[in-house]
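Structural features, examined
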Amino acid sequence: MEQIPWEELFDLAAEAMGCAYAPYSGYPVGAAALVDDGRLISGCNVENASTGVGLCAECGMIGELIRGGGGKLLAFVAVNGNREIVVPCGRCRQLLFEHGGGGLRVKIPTGEVLSMDRMMPYGFGPKELAQVPGSVGSKR
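These notes cover the structure that comes with them. (Residues numbered from 1 in each chain as written. Predicted model: local features only at pLDDT ≥ 70, side-chain atom pairs only at ≥ 80, totals over all residues. Heavy atoms only, no water.)

Some points on the overall build of the protein chain
Helix and strand counts for the protein chain come out as 5 helices and 6 strands. Secondary structure of the protein chain in N-to-C order comes out as α-β-β-α-β-β-α-β-β-α-α. Its C-alpha atoms give the protein chain a radius of gyration of 15 Å, within 12% of the compact-globule value 14 Å for 140 residues. Projecting the C-alpha coordinates of the protein chain onto the three principal axes gives extents of approximately 45 × 40 × 30 Å. Taking as baseline every contact in the protein chain between residues at least 6 positions apart, the subset at least 24 positions apart corresponds to 57%. As presented, the protein chain carries roughly 7,700 Å² of accessible surface, and 55% of it is formed by carbon and sulfur atoms. (Helix = DSSP H or I, 4+ residues; strand = E, 2+ residues; numbered from the N terminus. Rg over C-alpha atoms; globule rule 2.2 N^0.38 Å. Contact = heavy atoms within 4.5 Å. Areas by Shrake-Rupley, 256 points an atom, 1.4 Å probe, with all protein chains shown as cover.)

A word on the pattern of salt bridges
When charged atoms on two side chains of opposite charge get close, those side chains can pair. Tallied over the full model, the rule gives 3 salt bridges. As a salt-bridge pair, Asp37 and Arg39 come within 2.9 Å of each other at their nearest N and O atoms. (Salt bridge = Lys/Arg side-chain N within 4 Å of Asp/Glu carboxyl O.)

What about unusual backbone geometry?
Positive phi, normally seen in glycine, also occurs at Arg83, with a value near 60 degrees. One can find Arg83 in the loop between strand E3 (73-80) and strand E4 (85-86). You will see that Tyr122, though not glycine, has its phi angle at about 65 degrees, which is positive. Turning to its location among the elements, Tyr122 is positioned in the loop between helix H4 (116-119) and helix H5 (126-130). Owing to a relative accessible area of 83%, Tyr122 belongs among the exposed residues under this scheme. (Buried < 20%, exposed > 50% of the residue type's maximum accessible area, 1.4 Å probe, protein only.)

A short note on helix H3 (residues 90-100)
For H3, every residue scored as buried is listed here: Cys92, Arg93, Leu96, Phe97, His99 and Gly100. Those residues of H3 hidden inside the fold are in contact with helix H2 (57-67), E3, H4 and H5. Where H3 terminates, the next one or two residues include Gly101, which has phi positive at roughly 75 degrees.

A word on the state of the cysteines
The tally for this structure, following the rule as stated, stands at 0 disulfides. Cysteine Cys44 remains unbridged, with the sulfur of Cys19 as its closest cysteine sulfur at 5.7 Å. Among the residues examined, Cys44 registers a relative accessible area of 18% and is labelled buried. Cysteine Cys59 is unpaired, with the sulfur of Cys92 as its nearest cysteine sulfur at 4.8 Å. (Disulfide = S-S within 2.5 Å.)

Some remarks on a nonpolar patch on the surface
Residues Tyr21, Tyr24, Val46 and Leu55 make up a contiguous nonpolar surface patch of roughly 380 Å² in combined accessible area. Mapped onto the fold, Val46 is located in the loop between strand E2 (40-44) and H2. Among the residues examined, Val46 registers a relative accessible area of 36% and is labelled partly exposed. (Patch = residues over 30% accessible without salt bridge, like charges linked within 9 Å, V, L, I, M, F, W, Y side chains within 5 Å.)

So, in structure tokens, the structure goes:
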């Protein structure tokens, strides 16, 4: 198993958090992840006056993943404005599962590292969609 640079990921997430646009909630968040090709990627939350359409830090990070050529996420961490580790919301857990699968390692506030399978039991992604005949992900 490869060594995860958790401290470097934390620092990158904290740096991204410093770029967050959170004038409505006052709750900036930064996220960072290790990709299977060795890249470190990050993102920050971007709020909007129409609060329901704000983007979580994970959304920006996934955009960077795709823009950089894609890949599979191996490890993830997010931090808030106090430089405390926070866990992703449910929507973002689905994004992370899509791009990292059940084996993606997530650092949680206790300092433990959990797999995405543990963070989101019974998660689903492209593999599960492909098992349903006629679905978008299936091979016809």
